[in-house]
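Next come the chains, spelled out residue by residue.
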Amino acid sequence: MAPDFTLPGATSAGVLATPVQLSALRGKTVVLAFFPKARTSGCTVQMKTYRDQYATLFGGGKDVTLLAISTDADSTLASWAKDEAFPFTFLSDVDGTVGKQYGAFNPKSSMDNRVLLVIAPDGKVSYVASPFREVDPTSYSILGAELKKAAGA
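Residues numbered from 1 in each chain as written. Predicted model: local features only at pLDDT ≥ 70, side-chain atom pairs only at ≥ 80, totals over all residues. Heavy atoms only, no water.

J.: Please give an account of the side chain of Thr65 that cites residues and values.
T.: Tracing the backbone shows Thr65 in strand E6 (residues 64-70). If sequence neighbours within four positions are ignored, Thr65 has contacts with Leu25, Lys28, Thr29, Val30 and Val31. (Helix = DSSP H or I, 4+ residues; strand = E, 2+ residues; numbered from the N terminus. Contact = heavy atoms within 4.5 Å.)

Next up, the structure:
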């Protein structure tokens, strides 16, 4: 089972008034995309690819909930989401607590490594990519196949 957590979030509309709790998303397929730092080159490639493939890869958010997680402040994530028109939710794990729970946190850099997990509707982790290779197009094809598998398609 995926460990439950609650984190402050942000979207392109700004910082969320209510934190996001993973267990509240039970019944949906959820992608946890841990990444090192907003506005850095590799992370920008990854998030822009998610944005550009949002309709096909994540069903426009109807079929899959994408949660992009870093140690950045929620205000930083909101600003980046607005500037790039990212259509998904970012979560702020400033102290790395959730990253530690999922094996993504790197204590040497005090940031998360690029790790991606798919959580099936039953709450179980069904796929882990560690590291997720953001510049390799096949990473996104594999993710798409894993999302279909998690949804029972």
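J.: An account of the sheet that holds strand E3 (residues 14-15) is requested, with residue identities and associated values reported.
T.: Spatial strand order, E3-E2-E7-E6-E5-E10-E11: 7 strands in an open sheet with mixed pairing. Each edge of the sheet is formed by a strand with only one pairing partner; in this case those strands are E3 and strand E11 (125-129). In terms of strand pairing, strand E5 (residues 29-34) meets E6 through 6 bridges, oriented parallel. Paired with Ala33 across the two strands is Ala68, which belongs to E6. Each of E5, E6, strand E10 (115-119) and E11 touches helix H5 (residues 137-150); the most contacted strand, E10, lies at about 25° to it. (Pairing = 2+ DSSP bridges. Axes fitted to C-alpha atoms, helices over the stretch in contact; angles between N-to-C directions.)

J.: Tell me about the side chain of Asp112, and please be specific about residues and values.
T.: Along the polypeptide, Asp112 turns up in strand E9 (residues 111-112). With no salt bridge to any partner, buried Asp112 finds its closest opposite charge in Lys100, at an N-O distance of 8.8 Å. Among residues more than four places away in sequence, those in contact with Asp112 are Phe34, Phe35, Pro36, Ile69, Ser70, Thr71, Asp93, Gly99, Ala104, Phe105 and Asn106. (Buried < 20%, exposed > 50% of the residue type's maximum accessible area, 1.4 Å probe, protein only. Lys, Arg positive; Asp, Glu negative; His and termini not counted. Salt bridge = Lys/Arg side-chain N within 4 Å of Asp/Glu carboxyl O.)

J.: Could you give an account of the pairing of E6, with specific residues and numbers?
T.: Sheet faces and side chains relate simply in a regular strand, where the side chains alternate between the two faces. Among the 7 residues in E6, 7 count as buried, and that is most of the element. Going residue by residue along E6, you find Val64, Leu66, Ala68 and Ser70 tucked away on one face and Thr65, Leu67 and Ile69 tucked away on the opposite face as well. Tracing the backbone out of E6, into helix H3 (residues 74-84) and back to the parallel element strand E7 (residues 89-92) gives a crossover that is right-handed. (Right-handed = clockwise from strand over helix to strand, strands pointing away.)

These values are about where atoms sit, not about what they do.
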